Amino acid sequence: MSSLGWKLIRSFDKEFEVNGEPVRVRFVTMNCVHKQLYQVYVPHEGKEVRFHIQENAAGEFKIVGRGICPPQYVPLEAAFAEAILASPVG
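The structure contained in this document is the topic of the report that follows. Worth saying up front: this structure is predicted, and the values here are computed from it rather than measured.

## Notes on the pattern of salt bridges
Turning to step 1, where the next piece is worked out: Under the definition given, this model contains 4 salt bridges.
Turning to step 2, where the next piece is worked out: Its salt-bridge partner being Glu-48, residue Arg-26 comes within 3.1 Å of it at the nearest N-O pair. Taken together, the residues Arg-26 in strand E2 (residues 21–29) and Glu-48 in strand E4 (residues 47–55) connect sequence positions 22 residues apart.
Turning to step 3, where the next piece is worked out: Arg-26 gets classed as partly exposed once you look at its relative accessible area, which sits at 32%.

This is the structure:
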């Protein structure tokens, strides 16, 4: 909780299944007051790749710049959004 009494949005890690294998995905919040924009870090071809997920005008979390997101992670967009919505605050 902040000194002003707000519950702060936290970065978090969550495991997802990708091609039958467990993969740890890191969500780094870009706004500590509102769930709005996240940098998402995923393993891809031996290195870590970053893409963004942002809340749109309809309140849905969507991958921004799909060309940057490795293709095997695009189908997980809804699961990523659920993870963000369920992530703890405080």
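## A short note on the environment of Leu-85
Turning to step 1, where the next piece is worked out: By the secondary structure assignment, Leu-85 is in helix H1 (residues 77–86).
Turning to step 2, where the next piece is worked out: Discounting residues that sit within four places of it in the chain, Leu-85 has contacts with Lys-35 and Phe-61.

## A look at the pairing of strand E1 (residues 12–18)
Turning to step 1, where the next piece is worked out: For E1 and E2, the ladder comprises 7 bridges, and the chain directions are antiparallel. Counterpart to Glu-17 in the pairing with E2 is Pro-22.
Turning to step 2, where the next piece is worked out: In textbook terms, the turn of a hairpin is the stretch between consecutive antiparallel strands, and for E1 and E2 this stretch comprises 2 residues, one of which, Asn-19, has a positive phi near 55°.

## With respect to the sheet that holds E1
Turning to step 1, where the next piece is worked out: Ordered in space as E1-E2-E3-E4-E5, the 5 strands form an open sheet in which the pairing is antiparallel. Because the sheet does not close on itself, it has two edges, and the strands there are E1 and strand E5 (61–64). Each strand of the sheet is rotated relative to its neighbour by a mean of 35°, with strand direction disregarded.
Turning to step 2, where the next piece is worked out: Sheet analysis places strand E3 (residues 37–44) next to E4, joined by 8 bridges and oriented antiparallel. Directly across from Tyr-41, in E4, lies its bridge partner Arg-50.

Quick notes on the rules
- Residues numbered from 1 in each chain as written.
- Predicted model: local features only at pLDDT ≥ 70, side-chain atom pairs only at ≥ 80, totals over all residues.
- Heavy atoms only, no water.
- Salt bridge = Lys/Arg side-chain N within 4 Å of Asp/Glu carboxyl O.
- Helix = DSSP H or I, 4+ residues; strand = E, 2+ residues; numbered from the N terminus.
- Buried < 20%, exposed > 50% of the residue type's maximum accessible area, 1.4 Å probe, protein only.
- Contact = heavy atoms within 4.5 Å.
- Pairing = 2+ DSSP bridges.
- Axes fitted to C-alpha atoms, helices over the stretch in contact; angles between N-to-C directions.

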